[in-house]
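Residue-level structural notes
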Amino acid sequence: MSQLKDQIALVTGGSRGIGRAIVLALAQAGAKVAFVYRGSKEASDKLVEEVTAAGGEAVAFQADVSQLDAASKVIEQVLAKWNRLDILVNNAGVIKDGLFLRMEESDWKTVIDTNLGGTFSFCRAAAQQMTLKQRYGRIINISSVAATHVNAGQCNYSASKGAVNSFTRALAVELGSRNVTVNAIAPGFIETDMSEAVRSKAGDFIAKKLIPTRRLGKPEDIASAVVFLASAGASYITGQVITIDGGLSLGAVSG
Amino acid sequence: MSKDDIFKKVAATMVEALNVDEDQVTMTSTLQGDLGAESIDFLDIVFRLEREFGIKIPRNELFPESIFQGDPDFVKDGKVTPKGLSELKEKMPYADFSTFEKNPTIETISDLFTVELIVRYLEGKIAKAA
């Protein structure tokens, strides 16, 4: 319950889906949680209320992580409020699926700037505080199995997540000596708004035939791993991409 | 602030930044060879000196990065050319070149980065501010 007591966490894309579950789980583990949302004001207000009602502390910031100056503005405010930043979870992500032959430049740019650019700029804005001032930090980037197990129509998304994995490894090398770990989590098929379109078409088939644990993932399946990576017990894990997909990426077909 | 006071503060900074014992730090200690500094440690040292001395250290002023960038005019067969040496002296006005000049190889450039270099740099910086 209190393994992250009084630690300060920042989660991007925190108001919905996996991010929301991460905010709740970190708060439940005792952390004070700031989160960033882009458009879902109502959902984010509700989440702050929910955390507060449970005896936790949360604060929401509106920002679009694809804008390069968003990170420094948000992190400045977090530091002004709490004077530390122990845990950074780069979760904000978008999809703009479409076959490559029809892919607009803007579909490419939005996905890369949000998924990869947002991760870069929040890490950069947090790095000095974590490495030089605190000599402590946990960075957790939310990637995707789509980085390695690709689908048609997701050139942009797969590229962005593959880059996040490589970025995670490279950054881990640079920050390791300062007690800052950098890891990624690669979720498989998780029940969120983002996966709604594919789920409604093929969710049952995927769960029954392609996922050894026979179910789609829940946001909480990812959130619990984030809490673990942020905890003291994970201090020797860095530069890793941890796949959480019920076995989907094993590539076995059931039945 | 006397040179000795500056040294004491710099030595304390080295202990903190590089996790070395105080008695390992002397004026002539080289940061990489003697004190084991890696690239990120140089950023850490700059950060701590800025905080400790209340000054701003612009990038490349104390620890110039990628000094020659493979320029053949500056380095030939692993040796720093006379032109390279004058470039180096211009970029590192606080460094002591007396030993280096006897055998100016690319490998020994790192030995120019000593505790004394930092102390002399800070002396100049503090004198200018006063």
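Values in this document were obtained by computation on a predicted structure and should not be read as measured data.

**Comments concerning the overall build of chain A**
Each helix and strand in chain A was counted, giving seven helices and seven strands. Listing the helices and strands of chain A from first to last along the sequence gives β-α-β-α-β-α-β-α-β-α-β-α-α-β. Taken against the 2.2 N^0.38 rule, which gives 18 Å for 255 residues, the C-alpha radius of gyration of chain A at 17 Å falls within 12% of a compact globule. Principal axes of the C-alpha set define a box for chain A whose edges measure 50 × 40 × 40 Å.

**Focus: the overall build of chain B**
Check the secondary structure of chain B and you find four helices and two strands. Of the regular secondary structure in chain B, the N- to C-terminal order runs α-α-β-β-α-α. A compact globule built from 130 residues should have a C-alpha radius of gyration of about 14 Å, and chain B, at 15 Å, falls within 12% of that. With the C-alpha coordinates aligned to their principal axes, the bounding extent of chain B is approximately 40 × 30 × 25 Å. The buried share of chain B, reckoned over its 130 residues, is 22%.

**As for the packing of helix α3 (residues 70-82) of chain A against helix α4 (residues 105-134) of chain A**
Residue and element names in this part refer to chain A. Viewed as axis vectors pointing N to C, α3 and α4 meet at an angle of 40 degrees, and their least axial separation amounts to 8 Å. Between α3 and α4, the angle is such that the two are oblique. Remark: the crossing between α3 and α4 carries right-handed chirality. Where α3 abuts α4, its residues A70, A71, S72, I75 and L79 lie against S121, F122, R124, A125, A126 and Q129. Partitioned by chemical class, the residues of the contact of α3 with α4 number seven nonpolar, three polar and one charged.

**So, helix α2 (residues 41-53) of chain A**
All names here are of chain A. When the terminal C-alpha atoms of α2 are compared, their 18 Å separation across 13 residues agrees well with the 18 Å that a helix rising 1.5 Å per residue should span. By the burial criterion, the buried members of α2 are S44, L47, V48 and V51. The buried residues of α2 occupy an angular sector of 100 degrees when projected down its axis, which confines them to one face. Turned more than 90 degrees off the buried face of α2, the exposed positions are E42, E49 and A53. Where α2 is buried, its residues touch α1 (17-28), β2 (32-37) and β3 (57-62). G55 occupies a position one or two residues after α2 and carries a positive phi of about 90 degrees.

**Let's talk about the pairing of strand β6 (residues 180-187) of chain A**
All names here are of chain A. With eight of eight residues buried, β6 is to be regarded as a mostly interior element. Burial along β6 is two-sided: the face carrying V180, V182, A184 and A186 and the face carrying T181, N183, I185 and P187 are both buried. Bridge count between strand β5 (residues 137-142) and β6: six bridges; the pairing is parallel. Bridged to G137 within β6 is V180. The parallel pair β5 and β6 is bridged by helix α5 (residues 155-175), and the resulting crossover is right-handed. Two elements, β6 and strand β7 (residues 241-244), share four bridges in a ladder whose sense is parallel. Residue pairing in the sheet places P187 in a bridge with I244 of β7.

**Focus: the sheet that holds β5(A)**
Residue and element names in this part refer to chain A. The seven strands lie next to each other as β3-β2-β1-β4-β5-β6-β7, forming an open sheet whose pairing is parallel. Looking at strand neighbours, the two that pair on one side only are β3 and β7, the edges of this open sheet. Here the strands of the sheet are splayed against their neighbours by 20 degrees on average, with no regard to which way each runs. Inspection of the sheet shows β2 paired to β3 by six bridges, in the parallel sense. Looking at the pairing, V36 lines up with F61 of β3. The strands that α4 touches are β1 (8-12), β4 (87-90), β5 and β6; relative to β4, the one it contacts most, it runs at about 170 degrees.

**A look at the domain arrangement of chain B**
Per the domain assignment, the segments making up chain B are domain 1 (1-63 + 113-130) and domain 2 (66-110). With nine residues of domain 1 of chain B in contact, the opposing surface of domain 2 of chain B contributes four residues.

**What about the nonpolar core?**
Core analysis: the biggest nonpolar cluster contains 69 residues, and I22(A), V23(A), L26(A), V33(A) and V226(A) have the highest contact counts within it. Of the residues forming this core, the biggest block, eight residues, is contributed by α1(A). When sequence neighbours within four positions are dropped, the list of residues in contact with V226(A) reads I22(A), A25(A), V89(A), I140(A) and I185(A). Within the second largest apolar cluster, 24 residues are counted, among which are M14(B), L35(B), A37(B) and L117(B).

Thresholds, definitions, all that
- Residues numbered from 1 in each chain as written.
- Chains lettered and ligands numbered in written order.
- Predicted model: local features only at pLDDT ≥ 70, side-chain atom pairs only at ≥ 80, totals over all residues.
- Helix = DSSP H or I, 4+ residues; strand = E, 2+ residues; numbered from the N terminus.
- Rg over C-alpha atoms; globule rule 2.2 N^0.38 Å.
- Buried ≥ 20, exposed ≤ 12 C-beta atoms within 10 Å, placed from the backbone.
- Axes fitted to C-alpha atoms, helices over the stretch in contact; angles between N-to-C directions.
- Parallel < 35°, antiparallel > 145°, perpendicular 65-115°, else oblique.
- Left-handed = near helix turned anticlockwise from the far one by under 90°.
- Contact = placed C-beta atoms within 7 Å.
- Nonpolar A, V, L, I, M, F, W, Y, C, P; charged D, E, K, R; others polar.
- Expected span 1.5 Å × (residues − 1).
- Arc of directions from axis to C-beta.
- Pairing = 2+ DSSP bridges.
- Right-handed = clockwise from strand over helix to strand, strands pointing away.
- Domains from an automatic or database assignment.
- Core = buried A, V, L, I, M, F, W, Y, C linked by C-beta atoms within 7 Å.

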